[in-house]
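Coordinate analysis (summary)
Each chain is listed here by its residues.
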Amino acid sequence: MRIIVADDSAVMRKIVIRTLRQTGLSNLDIIEANDGRELVDLVAEHGPDLVLSDWNMPNLTGIDALAELRARGDSVPFGFVTSEGSEAMRERATAAGALFLLSKPFTAETMEDALAAVG
Amino acid sequence: MSATVEIPSNADIAELVSEIWSTLFYEQEGLIEVEPPADLPELVESRVSITGPWQASIRLGLSDAAAELAAHAMLDEPLGSLTPAEVADAVGELINIIGGNIKSSLPEPSAMSLPTVSRQPAQAQPVGDVRQVALHWGEHLVLITITQTAKAS
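These remarks concern the structure in this document. Everything numeric here is computed off the predicted structure, so don't read it as measured data. (Residues numbered from 1 in each chain as written. Chains lettered and ligands numbered in written order. Predicted model: local features only at pLDDT ≥ 70, side-chain atom pairs only at ≥ 80, totals over all residues. Heavy atoms only, no water.)

1. Observations regarding the overall build of chain B
Looking only at helices and strands, chain B features three helices and seven strands. Taking all 153 residues of chain B together, 44% fall into the buried category. Long-range contacts, defined as pairs at least 24 residues apart, comprise 69% of the intrachain contacts of chain B with a sequence gap of at least 6. (Helix = DSSP H or I, 4+ residues; strand = E, 2+ residues; numbered from the N terminus. Buried < 20%, exposed > 50% of the residue type's maximum accessible area, 1.4 Å probe, protein only. Contact = heavy atoms within 4.5 Å.)

This is the structure in structure tokens:
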């Protein structure tokens, strides 16, 4: 399963990837993006099975990256992993086409629950 | 429409940070609230700003040893194996998580800045309340300071 993990924090990308491995997903092919702009470019280049993205990032935010992907007709499954989890943001994420919003801090169990939405 | 937004209480801040700590550092000791020390040691300080109906800076202060311990625990790496940049990144992510969780309880629309990390932070110019919560993490001090930088109109 090819997954793009986007976060401007390298530490948080490592934590997300480590937690992904703890969920039991197998054959993971992880690609890292530093911000939303790089995320959009890497999706076009690699055609991932899933995107896990922070919301608040420099250059292009996660929600703007998702909007850009959908405007291009790209329907890649997309989930947010973010420290901000208000109801308004969840509604905005869903309206933009995200499958879930996982709040930080998270555990392997909460990530597994979120990933169930990917199918 | 105007709105009055209350700055979170010390008890709310302590509870929220303790919950975050227990999730991230479940193998470590929990946090215990203490009186803020009169003489603050030099701390590694990370900060985010929130703008919107409630405007404030939220700061996390950790000793060097606590910052090192937190970063290594977050990444599950042996002590001493991370670079200073990785430790700063981890401490920035900690305030990002704390600030994001506080922001989630605020009226929309609110925005949060990206985190910054420094040893000698600029002094905020408080207009309203200042909250300071000190917690002990084992032998380490964890200091949360919230400075309201503008009153809600």
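2. Quick notes on the sheet that holds strand S1 (residues 2-6) of chain A
All names here are of chain A. Read from one edge of the open sheet, five strands run S2-S1-S3-S4-S5, paired in parallel fashion. On the outer flanks of this sheet lie strand S2 (29-33) and strand S5 (100-103), each paired with one strand and no other. Between one strand and the next, the sheet's axes are offset by a mean angle of 20 degrees, whatever the strand orientation. Note that S1 and strand S3 (residues 50-53) share four bridges and pair parallel. Considered in S3, the bridge of Ile-3 is made with Leu-50. On top of the sheet, helix H1 (residues 10-22) reaches S1, S2, S3 and strand S4 (78-82); it is set at about 160 degrees to S2, its chief contact. (Pairing = 2+ DSSP bridges. Axes fitted to C-alpha atoms, helices over the stretch in contact; angles between N-to-C directions.)

3. Notes on the pattern of salt bridges
By the definition in use, this model includes twelve salt bridges over all chains. In this structure, Glu93(B) engages Lys104(A) in a salt bridge whose closest nitrogen and oxygen atoms are separated by 2.9 Å. Of the two residues, Glu93(B) sits in helix H3 (residues 84-103) while Lys104(A) sits in the loop between S5 and helix H5 (108-115), which places them in two different chains. Take Glu93(B) and Lys104(A): they sit in the same class, and that class is buried. Several salt bridges converge on common partners, so that one network encompasses Asp7(A), Asp54(A), Lys104(A) and Glu93(B). (Salt bridge = Lys/Arg side-chain N within 4 Å of Asp/Glu carboxyl O.)

4. Concerning H3(B)
With 20 residues, H3(B) extends 28 Å between its outermost C-alpha atoms, agreeing within 8% with the 28 Å of an ideal straight helix rising 1.5 Å per residue. Here H3(B) lies mainly inside the structure; 15 of its 20 residues are buried. (Expected span 1.5 Å × (residues − 1).)

5. What to know about the interface of chain A and chain B
Of the residues lining the interface, 22 residues belong to chain A; the matching set on chain B comes to 21 residues. Here chain A meets chain B over a buried area of about 1700 Å², counting both sides, of which 57% is carbon and sulfur. The largest share of the area that chain A buries against chain B comes from Val11(A), Ser83(A) and Pro105(A), three residues that together contribute 31% of it. Summed over the shared surface of chain A and chain B, the number is three salt bridges. (Buried area = accessible area lost by both parts, 1.4 Å probe.)

6. A closer look at unusual backbone geometry
Residue and element names in this part refer to chain A. The omega angle of the peptide bond from Lys-104 to Pro-105 is 0 degrees, so this bond is cis rather than trans. Tracing the backbone shows Pro-105 in the loop between S5 and H5. Of note in this structure, Asn-27 is not a glycine but carries a positive phi near 50 degrees. Mapped onto the fold, Asn-27 is located in the loop between H1 and S2. For Asn-59, which is not glycine, the phi torsion reads 70 degrees and is therefore positive. Looking at where Asn-59 falls in the secondary structure, it is placed in the loop between S3 and helix H3 (62-71).

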